[in-house]
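Each chain is listed here by its residues.
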Amino acid sequence: MKIDDIRRSYTKDKLDAEKLNPDPIAQFELWLKDAIAAELPDPTAMCVASVDSRGQPSQRLVLLKDVNQDGFTFYTNLGSRKATELSANPKVCLHFPWHPLERQVIVYGTAERVPNSQVMKYFLSRPKESQLAAWASEQSRPVSTRQALLQKFAEIKHKFEHGEVPLPSFWGGFLVRPQQIEFWQGGEHRLHDRFMYSKSAGNSWDIERLCP
Ligand SMILES: Cc1cc2nc3c(=O)[nH]c(=O)nc-3n(C[C@H](O)[C@H](O)[C@H](O)COP(=O)(O)O)c2cc1C
């Protein structure tokens, strides 16, 4: 297989300054709608990048669970690598890989913990098996075998057989407040359209076109 021959042209769409919504969240919602309408697998999946105390970045996909004028919310295990890193250094980068639409969105910002009342509301909306799995998984920690994980899941299932599954104290959410948001639309001859929204001191958004 010759991977250096794998390439394609990006011709699906163009992004003009005049077409952009001055509000990046409104622009994001428009593109998210397009990603859902195009039936992309996991249209709400976003890559979250964090950095550890030695400056080592790490990244992983999570599901976006809310977006509004405050920012972008996801939920996770608070003992996980990402949560540990974001708690020590809240600087974060999100990436939405909508490349089948020849688009990507990149969000630069800071992460803060979501209030417990909101976490509880979301946790209760999840399927019971997902709630049990949250209890059973010491996310990011070593586990000896898959069997050991399944055994833990079975124990938890038995423990919470009756009634509601309580919210684990080690489970929560992060709200990413954006400072900058980039919208990228693939263009002909690799002359892609890129627009960077940057939050100004007055809380309005400046927009600049970037070279591809
Ligand atoms: C499409 C997709 C969606 C995912 N959604 C979540 C999520 O919402 N929350 C989460 O904690 N992990 C999610 N995961 C698992 C993470 O990618 C990751 O493996 C896990 O959170 C542990 O990451 P960490 O050890 O870097 O903290 C998802 C994985 C995929 C492929």
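Everything here concerns the structure above.
Model, not experiment: these values are computed from the prediction. (Residues numbered from 1 in each chain as written. Predicted model: local features only at pLDDT ≥ 70, side-chain atom pairs only at ≥ 80, totals over all residues. Heavy atoms only, no water.)

Remarks on the overall build of the protein
Keep this limit in mind: The way it works is that DSSP assigns letters per residue, a run of H or I at least four long becomes a helix, a run of E at least two long becomes a strand, and they are numbered from the N terminus. Burial classes: relative accessible area under 20% of the type maximum marks a residue as buried, over 50% as exposed, and values in between as partly exposed (1.4 Å probe, protein chains only). Whether two residues are in contact is decided by their heavy atoms: any pair within 4.5 Å suffices. For accessible areas, the Shrake-Rupley method is used with a probe of radius 1.4 Å. Any residue's cover is judged against the shown protein chains and nothing else. Charged residues are defined narrowly, with Lys and Arg counted positive, Asp and Glu counted negative, and His plus the chain ends left uncounted. To locate a charge, the coordinates of NZ of Lys, CZ of Arg, CG of Asp or CD of Glu are taken.
For the protein, the count of helices and strands is five helices and nine strands. For the protein, the spread of C-alpha atoms along the principal axes amounts to about 55 × 50 × 40 Å. Counting across all 212 residues of the protein, residues that qualify as buried make up 39%. Across the protein, contacts joining residues at least 24 apart in sequence account for 64% of those joining residues at least 6 apart. A total of about 12,600 Å² of accessible surface is found on the protein, and carbon and sulfur atoms cover 53% of it. Side chains of the protein give 28 positive and 26 negative charges; the mean places of these two sets differ by 5 Å.

Some thoughts on a nonpolar patch on the surface
Counted only if it meets this: To count toward a patch, a residue needs a relative accessible area above 30% and no salt bridge. Like charges then connect within 9 Å, nonpolar side chains (Val, Leu, Ile, Met, Phe, Trp, Tyr) within 5 Å. By convention in these notes, a salt bridge is any Lys or Arg side-chain nitrogen within 4 Å of a carboxyl oxygen on Asp or Glu.
There is a patch of nonpolar side chains on the surface, built from Met 1, Ile 3 and Ile 6 and spanning about 440 Å² of accessible area. Summarising the element assignment, Ile 3 is placed in the segment before helix H1 (24-37).

Notes on the packing of aromatic side chains
How we decide: Each pair of aromatic rings taken from Phe, Tyr and Trp, with Trp reduced to its six-membered ring, is defined by centres within 6.5 Å and is described as stacked if the planes are under 30 degrees apart, edge-to-face if over 60, and tilted in the remaining cases. Whether a charge lies above a ring is judged from NZ of Lys or CZ of Arg, which has to be within 6 Å of the ring centre and within 35 degrees of the ring normal.
Overall, the coordinates contain 15 aromatic pairs when judged by the stated rule. When the ring of Tyr 75 is compared with that of Tyr 122, the centres are 4.3 Å apart and the planes differ by 15°; the resulting orientation is stacked. Remark: Tyr 122 occurs in helix H3 (residues 116-125) and Tyr 75 occurs in strand S4 (residues 71-77); sequence separation between them is 47 residues. You'll find Tyr 75 and Tyr 122 in the same group, each marked buried. Members of the aromatic cluster, joined through ring pairs, are Phe 28, Phe 72, Phe 96 and Trp 98. Positioned above the aromatic ring of Trp 31 is the side chain of Arg 103, whose terminal nitrogen or guanidinium carbon lies 4.2 Å from the ring centre.

Notes on the site of the ligand
Applied cut-off: For this purpose, a residue is taken to be near a molecule or strand whenever a single non-hydrogen atom of the residue falls within 4 Å of it. Each residue gets one of three labels, nonpolar for Ala, Val, Leu, Ile, Met, Phe, Trp, Tyr, Cys and Pro, charged for Asp, Glu, Lys and Arg, and polar for the others, Gly among them.
In the vicinity of the ligand, the contacting residues are Asp 42, Arg 60, Leu 61, Val 62, Leu 63, Tyr 75, Thr 76, Ser 80, Arg 81, Lys 82, Gln 139 and Ser 140. Contact with the protein chains hides 64% of the accessible area of the ligand, taken as 620 Å² for the molecule alone. Considering each element in turn, the shell around the ligand owes the most residues, four residues, to strand S2 (residues 57-63). Partitioned by chemical class, the residues of the shell around the ligand number four nonpolar, four polar and four charged.

Some remarks on unusual backbone geometry
Although it is not a glycine, Ser 140 adopts a positive phi angle of roughly 80°. With respect to the helices and strands, Ser 140 occurs in the loop between helix H4 (128-136) and helix H5 (146-159). For Ser 140, a relative accessible area of 52% puts it in the exposed group. Here the phi dihedral of His 189 falls at roughly 55°; this positive angle occurs in a residue that is not glycine.

A short note on the pairing of strand S8 (residues 193-199)
The condition is simple: When DSSP finds two or more bridges between two strands, those strands count as paired.
Across the seven residues that make up S8, a large majority, five, are buried. Bridge count for strand S7 (residues 171-185) against S8 is six bridges, and the pairing is antiparallel. Its bridge partner lying in S8, Gln 180 is registered against Ser 198. In this structure, S8 lies alongside strand S9 (residues 205-210), joined through six bridges in antiparallel fashion. Pairing of Met 196 across the sheet is with Glu 208, part of S9. Connecting S8 to the next strand, S9, in antiparallel fashion are five residues, including Asn 203 with a positive phi near 70°.

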